[in-house]
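# An overview of the molecular structure
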Number of protein chains: 2
Amino acid sequence: MSKGIIVQKYGGTSVSDTSRIENVAKRVIATRKKGYDVVVVVSALGDTTDKLLELAHKVAHEPSRRELDMLMSTGEQVSCALLAMAVHSLGADAISFTGAQVGIVTDASFTKARILDINAKRITCALKDGRIVIVAGFQGASPNQDITTLGRGGSNLTAVALAKVLRAKVCEMYTDVDGVYTADPRVVKDAVKIDKLSYEEMFELASLGAQVLQARSIEFAMKFGVPIHVRSSFSNRAGTIISKEVKAMEDIVVSGVAANKNEAKLTICDVPDKPGIAARIFKDIAKEAINVDMIIQNVSRTGATDISFTVPASDLTKALRVTKDVSRKIGAGDVTFDRDIAKVSIVGIGMRSHSGIAAKMFEALAAAGVNIEMISTSEIKISCVVAKKRADAAVRAIHKKFNLGK
Amino acid sequence: MSKGIIVQKYGGTSVSDTSRIENVAKRVIATRKKGYDVVVVVSALGDTTDKLLELAHKVAHEPSRRELDMLMSTGEQVSCALLAMAVHSLGADAISFTGAQVGIVTDASFTKARILDINAKRITCALKDGRIVIVAGFQGASPNQDITTLGRGGSNLTAVALAKVLRAKVCEMYTDVDGVYTADPRVVKDAVKIDKLSYEEMFELASLGAQVLQARSIEFAMKFGVPIHVRSSFSNRAGTIISKEVKAMEDIVVSGVAANKNEAKLTICDVPDKPGIAARIFKDIAKEAINVDMIIQNVSRTGATDISFTVPASDLTKALRVTKDVSRKIGAGDVTFDRDIAKVSIVGIGMRSHSGIAAKMFEALAAAGVNIEMISTSEIKISCVVAKKRADAAVRAIHKKFNLGK
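Residues numbered from 1 in each chain as written. Chains lettered and ligands numbered in written order. Predicted model: local features only at pLDDT ≥ 70, side-chain atom pairs only at ≥ 80, totals over all residues.

With an RMSD of 0.1 Å, the fit of chain A onto chain B corresponds to turning through 179° and sliding 0.0 Å along the axis. Here the transformation between the copies is reduced to the relation of a two-fold axis. No C-alpha of chain A lies nearer the rotation axis than that of A:Thr74, which sits 2.6 Å from it. Comparing interface residues between copies, 100% of those in chain A also sit at the interface in chain B, which points to an isologous, same-surface contact. (Least-squares fit on C-alpha atoms with pLDDT ≥ 70 in both. Contact = placed C-beta atoms within 7 Å.)

The following block contains the structure:
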């Protein structure tokens, strides 16, 4: 009698070479031996994706997106076939499938397709036959049978979607770290692993710079109510469980602190204080597919105001061009920028029911002599933009102030 | 108005790196510009197949054949996507497909599947849209949608089968040589390119050691009456046309001479001369999947005879074991072997209507002082086993005797 289905997802670092693939095979078999049906989702081996992209850019400056998906999807196909072989050679039964083969139907937005439907019949049949099922992550097929890929973090999406459809007990995300920490352990020595997080907290942490899981896959898990267990493929210790908010979580006011050093700040000076101006600015920026993060506008005193906002550092050049353009059109002043910034944030479900959290954070920064350039808050997070070179000090000060190291 | 469909197949050496892929893209576009609809079949890039096999054997001693096909088929998928990108970046329209996507249905004999059916609707639709169609060679899918591969020379099979289904005017096989030669040009300096060959002649030449095309794809082309044009992807010169026998071909008595140095000879001494003994011997050998080539048995004088036969050199160890075993069981004598042999053969449709060809070949060998160890003949070929170190001399002597250099 099966104890239920567990979906396990192994990222590129967990299958970067054949000895690591064997390690994964052992873990998968161990889970099966505990009495679970196991469905495994794998990413491409280590740097395969980069190597394939390099080939594509050698033959074409702007490769067709349909052909890119045809090309890139081979990476996961290779790793799932190899993992199936490795499981076989340890004496267990396994079968590998591409996304198309397990009926992952997506729209035809190549390189960033959305899953429309999953017909998991082949998976459930194979599980009934007692087999370990291994699925190539990151990919599907359009209704027209063209191969598609799901964009960044696509293998996580595959895992979460399969967990949902198969009604799995849990979706285990294997990575090279033990779980989610209260802060980056490389920056804060006494950072500790968080045992439980709500989807909302993890979503904010991911958006704010915690590298463990992409925001998109958390969103997906939250939407479908799939419990996630983030853990290391190199140890047997429990990692971080991410699930629906439970009452106990509210006792923990701040779950973690994160820093994002990959943003840049732009400021448009002397913006006329008229209705519709802000809309005009950010519509033009959105047209260029630039993600704007924080936006700050102070009250106008003179009929003109300054508007500041942050964008991913990689989009700065593009953002500057558009912003200067729009500034001229609306009769605003100079556009200034700063790439030496960092966004430091705290996240916690408990903030909703506790007051004074922002003040405590600002106190911590003040005591550490860190100047705050911008502030932005939401229901469960507070972010401050500070000078990039003071970011680590800020994180340490906040971590200590909230006693996150316990 | 299209002038008809041309199928072009490019082997691994023609697409071994990105600059060669660009070269192929140019050729493909040039053919399209001449007014033909073009369907391209590609092999995997250079040594991809070896690299993937190496990975498989690192994770499993005896990899599952289903998973091997899942793995190996990615090689051709990569090259067809890259070729499509290269065609795009030269401004022409192209679309790539896997074997499964173009409806190449095979049986489920993984690693050596047979094509059952081809539903070429996606190809004809894409051609109607004015696109160049690029198909991953070597692969198909079973009725169950499992990915299969067609075994050695599988991309040639894909090309020939598509040419048949699409009623193509010709199937062009691109390789790194100019065509089929009267003898190996590395051995015989005045060897010349053959302009036309019948399927039967090419089939024999391929079986006898000419490396240009595998016997299996010739057999297929012959069965379906698909004209083949073997030519170089590095020049624009016409190569060798292989087609149905036409009257003029009979005037050429001997088309070419080939040597195969990868065989070994075994001899079972003192075999009892009783009915059923030979059957017994070769049934046991066939059970081990060893391909026996020539078999020679002389008339018995003493109630016992010697039986000699040749096998691929790579099978010698296995063949020796089986043969010693069977020899003991049937009460025969010692088993001897010789790996220093070569099979030198002449092939020609014209032999059927000309006598004295064998005698002329033996004369040539005698004059060159080459001793003949075994002889085997068919309607359109004569093979002699000689010492391996005399094989090149034998080929040169025969080439000269029949005046093949013209």
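In this section: the interface of chain A and chain B. With 27 residues of chain A at the interface, the matching set in chain B holds 27 residues. Looking at the side of chain A that touches chain B, the elements with two or more residues in it are helix 1 (18-33), helix 2 (48-59) and helix 3 (65-89) of chain A. Looking at the side of chain A that touches chain B element by element, the count peaks at 13 residues for helix 3 of chain A. Grouping the amino acids of the side of chain A that touches chain B by side-chain chemistry returns 14 nonpolar, 10 polar and 3 charged. (Helix = DSSP H or I, 4+ residues; strand = E, 2+ residues; numbered from the N terminus. Nonpolar A, V, L, I, M, F, W, Y, C, P; charged D, E, K, R; others polar.)

What follows concerns the sheet that holds strand 13 (residues 256-260) of chain B. Residues and elements named next belong to chain B. Taken in spatial order, the 4 strands line up as 13-18-20-19 in an open sheet, and their pairing is antiparallel. Looking along the sheet, the strands with just one partner apiece sit at the ends: strand 13 and strand 19 (374-378). Averaged over all adjacent pairs, the angle separating strand axes in this sheet is 20°, with direction ignored. Contacts from helix 6 (residues 199-207) reach strand 13, strand 18 (341-347) and strand 20 (381-387) within the one sheet, and its direction differs from that of strand 18 by about 170°. (Pairing = 2+ DSSP bridges. Axes fitted to C-alpha atoms, helices over the stretch in contact; angles between N-to-C directions.)

Mean pLDDT over chain A stands at 91; residues scoring 70 or higher make up 98%. Interface confidence in the predicted complex, given as ipTM, is 0.80; pTM for the same model is 0.82. (pLDDT = per-residue confidence, 0-100.)

All right, on to the pairing of strand 13 (residues 256-260) of chain A then. Residues and elements named next belong to chain A. Where burial is concerned, most of strand 13 is hidden: 5 out of the 5 residues are buried. Alternating positions in strand 13 separate into two faces, Gly256, Ala258 and Asn260 on one and Val257 and Ala259 on the other, with burial throughout. Sheet topology places strand 13 next to strand 18 (residues 341-347); 5 bridges connect them, and they run antiparallel. Bridge assignment links glycine 256 to a residue of strand 18, and that residue is valine 347. (Buried ≥ 20, exposed ≤ 12 C-beta atoms within 10 Å, placed from the backbone.)

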